[in-house]
Amino acid sequence: QVQLVESGGGLVQAGGSLSLSCAASGRTFSSYAMGWFRQAPGKEREFVAAISRSGGSTYYADSVKGRFTISRDNVKNMVYLQMNSLKPEDTAVYYCAADRQYSTIVAGPRRLDYWGQGTQVTVSS
């Protein structure tokens with residue numbers, strides 16, 4: 001019901017910033033809570049951040065809280081992830097995801113049906 005395409009990944013130095021975007025297609029974008037996940041080589045996909053349908057509520061993994069900010073624009077059908085104070089441990093492929101329920105995003109990736117293709121973020125030391 002929704003297609004997602006991430007962009008904005010790249011190579012940055014530790015301490016730097018990067019902004020990711022996720023473009024959503026579909027007429028029901030505002031009906032979905034959105035989230036960002038990441039997966040490093042050899043690791044399981046892990047939760048990063050979630051935002052409610054209206055954008056009024058957000059939730060972050062402890063590892064990124066205070067450094068990353070998730071936001072959305074329901075007019076443009078976009079969700080964003082602003083990443084500041086990047087660390088080498090943030091290196092991963094970042095994926096956006098959608099679900100009807102905010103709580104399902106927060107719970108983790110296992111039950112999510114809609115994913116983007118991912119965008120690579122590499123943080124150098």
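Everything discussed here concerns the structure shown above.
Residues numbered from 1 in each chain as written. Predicted model: local features only at pLDDT ≥ 70, side-chain atom pairs only at ≥ 80, totals over all residues. Heavy atoms only, no water.

K.L.:
Could you give an account of the pairing of strand 3 (residues 18-25), with specific residues and numbers?
P.N.:
Direction of pairing for strand 1 (residues 3-7) relative to strand 3: antiparallel, over a ladder of 5 bridges. Looking across to strand 3, one finds that V5 is bridged to A23. As judged from the 6 bridges shared by strand 3 and strand 8 (residues 78-83), these two strands associate in the antiparallel manner. From the neighbouring strand, A23 faces strand 8, where its bridge partner is M78. (Pairing = 2+ DSSP bridges. Helix = DSSP H or I, 4+ residues; strand = E, 2+ residues; numbered from the N terminus.)

K.L.:
An account of the state of the cysteines is needed here, citing residue identities and associated values.
P.N.:
Applying the stated rule across the entire model yields 1 disulfide. For C22, the disulfide goes to C96, at an S-S distance of 2.0 Å. Here the S-S torsion is close to 50°, and the disulfide linking C22 with C96 is therefore right-handed. One end of the pair, C22, is in strand 3; the other, C96, is in strand 9 (residues 92-99), and 74 residues separate them in sequence. Note on accessibility: C22 and C96 belong to one class, buried. (Disulfide = S-S within 2.5 Å. Buried < 20%, exposed > 50% of the residue type's maximum accessible area, 1.4 Å probe, protein only.)

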